[in-house]
Amino acid sequence: MEIIAETDRADVVIIGGGPAGLSAALSLGRARRRVVVVDGGRPRNAPAPHMHGVLGHDGLPPLELLEKGRREVVGYGVRIVPGTATLARVVDGGVEIDTTAGTLRARRLVVATGLADELPDNPGLREQWGRGAVVCPYCDGWEHRDDVIGVIATSPESVRQAQLLRQWSDRVVYFPNAIGEPDPEAADALVRRGIRIEHGTVAAVQIVEDEVTGVEVDGHTVPVDVIFTGPTLRPNDALLRSLGATSSDGPNGSWVDIDADGRTSVPGVWAVGNVVDLRANVSVSLGLGALIAGAVNADLVLADIAAAPAVQ
Ligand SMILES: Cc1cc2nc3c(=O)[nH]c(=O)nc-3n(C[C@H](O)[C@H](O)[C@H](O)COP(=O)(O)OP(=O)(O)OC[C@H]3O[C@@H](n4cnc5c(N)ncnc54)[C@H](O)[C@@H]3O)c2cc1C
C-alpha cells in the first residue's frame, strides 16, 4: 500500500473531518503541528438542510460550516485527505493508520468519526430523515413550535423525548408503536403533560408533496406536521476497537472510554465528538475538539522535552 506521508510521520492524524475533527485540526494547525485529517465526507447531520443552535451560525447549512472550516484549517497547513481509515495499530511510540488513500504514520491519533443513526423501519421515515423526521428538540423544536408533533417511540426514553417536546407545542402525539404501551406511571406522566397517546402499530409515515402529513396507525391516519423519533445510536468506533480501546456498557449500548481530556485507554490515541459522546451536538463537538487539541499538543510538548538531550 502506498505511504501518503512518506518522508516522516505527522504530529497528529485526525480521522473524521466533522465539527469535532476539524475543530481539533484548527487548534493543532495553529499550534504549528503537522496535521493530516482523513475524512469520509459523510457527517451525521448531512441530511439536514439547516443547522440550529450553533452561535454565530444558526440556520447555516451544516455542509457550509464544514466547507468554511476546511478552508480555515488548510490555511494553517493542515492537510485534508478524502478517504476512509480502515485499521490502526500502535507502533514505535506512535500510530500507523491504514486508509483507502494509503498508510499514514503519526505521533498521535485523534478519532472523530461520529456515529450512525439506525432508524426505525417505518416506511417514509428514512426518506424524510433530517427534514420532516428528526431527532433533536433543541435542533428542530423551534422550527416546529405550535405544530402537531408526532413522536414515534423506539425505546422507553421516547417518553422523555415527548415530554420535552411539549415545551415547543401543546399538540404532541405519542405513538408507542412497536415498543408497546407505556407503563401506567409513564402514561400518567404523558397525560399530565398534555400529550395524547395514539395506541396501535405504525404502518407508515404519510407524505404528501414531500412533506410529512400524518402517521398511519391501525387503518387510520393521524394528522401530524413533523415526526420526532430516537434512532439507535451506533458509534463509528471500529478503529478504536481495533486498537484495543476499552469500553463501558450503559443504557445506550457500549461506548469507548475516554478521560476528561479525550484520552482513550490506548497510549497516544484520543477520541472526540459523537464517536464517544452521544450528547455532543455541533457546538459541543466544536468545543471538545478545541479542548482535546490542547491536551494532545501538551502531550507532544512533554514528549519533545523527554526526547531532548540533557543540558550539561
Ligand atoms: C438529522 C440531524 C440533524 C442534526 N441537526 C443538528 C443541529 O441543527 N444542531 C446541532 O448542534 N446538531 C445537530 N445534529 C447533531 C450533529 O450532527 C452532531 O452533533 C455532529 O455531527 C457531531 O460531530 P462529529 O464531528 O462528532 O461527527 P460527524 O459530524 O458525524 O463527522 C464525522 C466525520 O467522520 C467521517 N468518518 C467516519 N468514519 C470514518 C473513517 N473510518 N475514516 C474516515 N472518515 C470517517 C464521516 O464521514 C464524517 O465526515 C443533527 C443530527 C442529525 C442526525
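Whatever comes next refers back to the structure up there.
Residues numbered from 1 in each chain as written. Predicted model: local features only at pLDDT ≥ 70, side-chain atom pairs only at ≥ 80, totals over all residues. Heavy atoms only, no water.

S.K.: When you look at the pairing of strand β2 (residues 35-39) in this model, what are you seeing that I'm missing?
M.R.: Successive side chains on a regular strand alternate, one facing one side of the sheet and the next facing the other. Judged by how many residues are buried, β2 sits mostly within the fold: 5 of 5 residues are covered. Of the two faces of β2, the one lined by Val35, Val37 and Asp39 and the one lined by Val36 and Val38 are each fully buried. The pairing of strand β1 (residues 10-15) with β2 spans 4 bridges and is classified as parallel. Residue pairing for β2: Ile14 is matched across the bridge by Val37. Handedness of the crossover joining β1 and β2 through helix α1 (residues 19-30): right-handed. (Buried < 20%, exposed > 50% of the residue type's maximum accessible area, 1.4 Å probe, protein only. Helix = DSSP H or I, 4+ residues; strand = E, 2+ residues; numbered from the N terminus. Pairing = 2+ DSSP bridges. Right-handed = clockwise from strand over helix to strand, strands pointing away.)

S.K.: Can you help me understand helix α4 (residues 158-165) in this one?
M.R.: What sets the pattern is the α-helix's 3.6 residues per turn: residues three or four places apart point alike. Those residues of α4 lying buried are Ser158, Val159, Gln161, Ala162 and Leu165. For α4, the arc enclosing every buried residue in end-on projection is 160°, short of the 170-degree limit, so these residues lie on one face. The inward-facing, buried residues of α4 contact α3 (137-140), β9 (149-152), β10 (172-175), α5 (184-192) and β15 (226-229). (Arc of directions from axis to C-beta. Contact = heavy atoms within 4.5 Å.)

S.K.: Looking at this structure, how should I read the site of the ligand?
M.R.: Around the ligand sit 33 residues, and of these Asp39, Arg42, His52, Ala85 and Ala280 come closest. In this structure, Pro19 approaches the ligand through a main-chain N or O atom, which is 3.3 Å from an oxygen atom. In this structure, an oxygen atom belonging to the ligand sits 2.7 Å away from a main-chain N or O atom of Arg42. Calculation on the ligand without its partners gives an accessible area of 1000 Å², and the protein chains cover 93% of this total. Those elements that provide at least two residues to the shell around the ligand are α1, β2 and α7 (282-307). Of the residues belonging to the shell around the ligand, the class tally is 13 nonpolar, 16 polar and 4 charged. Structurally, the shell around the ligand is a two-domain feature, drawing no fewer than three residues from each of domain 1 (10-116 + 232-307) and domain 2 (120-229). (Near = heavy atom within 4 Å. Polar contact = N/O pair within 3.5 Å; in protein donor to acceptor, adjacent residues only side chain to side chain. Areas by Shrake-Rupley, 256 points an atom, 1.4 Å probe, with all protein chains shown as cover. Nonpolar A, V, L, I, M, F, W, Y, C, P; charged D, E, K, R; others polar. Domains from an automatic or database assignment.)

S.K.: What should I look at first to understand the packing of aromatic side chains in this one?
M.R.: Pairs of aromatic rings are described using the distance from one ring centre to the other and the angle between the two planes. A complete count under the given rule lists 1 aromatic pair for this structure. Aromatic pair Tyr138 and Trp168: ring centres 5.6 Å apart, planes at 85°, arrangement edge-to-face. In this pair, Tyr138 sits in helix α3 while Trp168 sits in the loop between α4 and β10, placing the two residues 30 residues apart along the sequence. For Tyr138, a relative accessible area of 60% corresponds to the exposed category. (Phe/Tyr/Trp six-rings, centres within 6.5 Å; stacked < 30°, edge-to-face > 60°.)

S.K.: Which parts of the structure should I look at to understand the packing of α1 against α7?
M.R.: Geometry of a packed helix pair, given as the angle between the helix axes and the separation of the axes. Where α1 contacts α7, the axes come no closer than 7 Å and their chain directions differ by 40°. As summarised for this structure, α1 and α7 are arranged oblique, according to the angle between their axes. For the element pair α1 and α7, the recorded crossing hand is right-handed. Along the contact surface, α1 presents Pro19, Ala20, Ser23, Ala24, Ser27 and Leu28, while α7 presents Val282, Ser285, Leu286, Gly289, Ala290, Ile292, Ala293, Val296 and Asn297. The residue inventory of the contact of α1 with α7, partitioned by class, reads 10 nonpolar, 5 polar and no charged. (Axes fitted to C-alpha atoms, helices over the stretch in contact; angles between N-to-C directions. Parallel < 35°, antiparallel > 145°, perpendicular 65-115°, else oblique. Left-handed = near helix turned anticlockwise from the far one by under 90°.)

S.K.: I'm lost on the sheet that holds strand β8 (residues 133-134) in this one. Help?
M.R.: Hydrogen bonds between backbone atoms are what pair the strands of a sheet, whose relative direction is either parallel or antiparallel. Taken together, the 5 strands give an open sheet; going across it, the order is β8-β15-β9-β10-β11, and neighbouring strands pair in parallel fashion. Across the chains shown, the open sheet's two edge strands, defined by having one partner strand only, are β8 and β11 (196-197). In this structure, β10 lies alongside β11, joined through 2 bridges in parallel fashion. Bridged to Val173 within β11 is Arg196.

S.K.: Whenever I open this one, the sheet that holds strand β13 (residues 211-217) confuses me. Can you help?
M.R.: Pairing is antiparallel in the open sheet, where 3 strands are placed in the order β12-β13-β14. One side of each edge strand has no neighbouring strand; the edge strands of this open sheet are β12 (202-208) and β14 (220-223). Within this sheet the neighbouring strands show an average axis-to-axis angle of 35°, counted without direction. Two elements, β13 and β14, share 4 bridges in a ladder whose sense is antiparallel.

S.K.: Help me understand the pattern of salt bridges in this model?
M.R.: Any two side chains of opposite charge can pair, on the condition that their charged atoms come close. Summed over the entire model, instances satisfying the criterion amount to 21 salt bridges. A salt bridge links Asp11 to Arg34, with the nearest nitrogen and oxygen atoms 3.4 Å apart. Residue Asp11 is found in strand β1, and its partner Arg34 is found in the loop between α1 and β2; the two are separated by 23 residues along the sequence. (Salt bridge = Lys/Arg side-chain N within 4 Å of Asp/Glu carboxyl O.)

S.K.: Hey, could you run me through α5 in this one?
M.R.: By the burial criterion, the buried members of α5 are Ala186, Ala187 and Leu190. Seen from one end, α5 has its buried residues packed into an arc of 100°, which puts them on one side. In α5, those exposed residues whose orientation departs by more than 90 degrees from the buried face are Pro184, Glu185 and Arg192. The secondary structure elements touched by the buried residues of α5 are α4, β10 and β11.

S.K.: How should a nonpolar patch on the surface be read in this particular structure?
M.R.: Judged by side-chain polarity, Val301, Leu302 and Ile305 come together as a nonpolar surface patch covering roughly 290 Å² of accessible area. Tracing the sequence through the fold places Val301 in helix α7. (Patch = residues over 30% accessible without salt bridge, like charges linked within 9 Å, V, L, I, M, F, W, Y side chains within 5 Å.)

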